[in-house]
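If you want the building blocks of each chain, they are given just below.
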Amino acid sequence: MLKRKDKALMKVIYNEAVKYPDETVVIRPIDLLKEIPYTSDFANNDLESTLKGLSLDGYFDYEEVEDASGDSAYKIELLTKGHAFIREIESEKRAINFKIILSVAGVIGTFILGRLITMIFGG
């Protein structure tokens, strides 16, 4: 399961990469940071370490290159695990929803059982 910073960066990379047929994107670090929501508390110095971590986890390959204007950029190519990123997020949401529903069902069941016991033994 990815951490909050990893998910925020991976969402940006995934959304940019799927725009191209070969799912490889050249993007500047500043453009990556602009797209990350402010609520994720993502700092400029977190970018490189987070990219390395996601790359080691098999989500994408990346290398530092120069873009058309000569600025530093990253060439990022999605790998198999990167393609499945959205499915992974949806699966996590389903698991959380299931746990919530199970908890609510347990509370309701406990309440009903308590009422039945009270009715049977008269309290």
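Right above here is the structure, for reference.
Now for a quick tour of the structure.

On to the overall build of the chain, then. The secondary structure content of the chain amounts to 5 helices and 3 strands. Its helices and strands in sequence order give the chain the pattern α-β-α-α-β-β-α-α, from N to C terminus. Since a compact globule built from 123 residues should have a radius of gyration of about 14 Å, the 22 Å found for the chain marks it as more spread out than a globular shape. In terms of its C-alpha atoms, the chain occupies a principal-axis envelope of roughly 80 × 30 × 25 Å.

A cluster of like negative charges, contributed by D22, D61, E63 and E77, occupies part of the molecular surface. Among the secondary structure elements, D61 is positioned in strand β2 (residues 60-66).

L9, I13, L32, L51, F60 and I76 are the most contacted members of the largest nonpolar core, which has 24 residues in total. Sorting the residues of this core by element identifies α1 (4-17), β1 (24-27), α3 (46-56), β2, β3 (72-78) and α5 (85-121) as the ones contributing at least two each. Looking at which element gives the most residues to this core, the answer is α1, with 7 residues. For L32, the residues in contact, after removing those within four places along its chain, are L9, V12, I13, I27, L47 and Y74.

Another aspect to go through is the layout of surface pockets. Approximately 290 Å³ is the volume found for the largest pocket. Along the wall of the largest pocket there are 13 residues; nearest its centre are R4, K7, A8, K11 and I89. Listed by contribution, the elements that provide at least two residues to the lining of the largest pocket are α1 and α5. At 5 residues, α1 tops the list of elements feeding residues into the lining of the largest pocket. Looking at the lining of the largest pocket residue by residue, the class counts come to 5 nonpolar, 2 polar and 6 charged.

Let us now look at the pattern of salt bridges. A complete count under the given rule lists 6 salt bridges for this structure. R28 is the partner of D31 in a salt bridge, and the nearest nitrogen-oxygen pair spans 3.1 Å. By relative accessible area, D31 is classed as partly exposed at 23%. Among the ionic contacts, a cluster of salt bridges with common partners joins R28, D31, K34 and D71.

What follows concerns the packing of aromatic side chains. A complete count under the given rule lists 4 aromatic pairs for this structure. Taking 6.4 Å as the distance between ring centres and 50° as the angle between the ring planes, the aromatic pair formed by Y14 and F85 counts as tilted. Residue Y14 is located in helix α1, and its partner F85 is located in helix α5; the two are separated by 71 residues in the primary sequence. By relative accessible area, which is 17% here, Y14 ends up buried. Taking 6.2 Å as the distance between ring centres and 70° as the angle between the ring planes, the aromatic pair formed by F60 and Y62 counts as edge-to-face. For the pair F60 and Y62, one class covers both residues: buried. What links up through ring pairs into an aromatic cluster is the set Y14, Y59 and F85.

Conventions used here
- Residues numbered from 1 in each chain as written.
- Predicted model: local features only at pLDDT ≥ 70, side-chain atom pairs only at ≥ 80, totals over all residues.
- Heavy atoms only, no water.
- Helix = DSSP H or I, 4+ residues; strand = E, 2+ residues; numbered from the N terminus.
- Rg over C-alpha atoms; globule rule 2.2 N^0.38 Å.
- Patch = residues over 30% accessible without salt bridge, like charges linked within 9 Å, V, L, I, M, F, W, Y side chains within 5 Å.
- Areas by Shrake-Rupley, 256 points an atom, 1.4 Å probe, with all protein chains shown as cover.
- Salt bridge = Lys/Arg side-chain N within 4 Å of Asp/Glu carboxyl O.
- Lys, Arg positive; Asp, Glu negative; His and termini not counted.
- Charge placed at Lys NZ, Arg CZ, Asp CG, Glu CD.
- Core = buried A, V, L, I, M, F, W, Y, C linked by side-chain atoms within 4.5 Å.
- Buried < 20%, exposed > 50% of the residue type's maximum accessible area, 1.4 Å probe, protein only.
- Contact = heavy atoms within 4.5 Å.
- 1 Å grid on protein atoms, 1.4 Å probe; cavity = no way out; pocket = protein on both sides within 12 Å on 5 of 7 lines; lining within 4 Å.
- Points joined across faces, edges and corners; volume = space filled by probe spheres on them.
- Nonpolar A, V, L, I, M, F, W, Y, C, P; charged D, E, K, R; others polar.
- Phe/Tyr/Trp six-rings, centres within 6.5 Å; stacked < 30°, edge-to-face > 60°.

These figures come from the coordinates and say nothing about function on their own.
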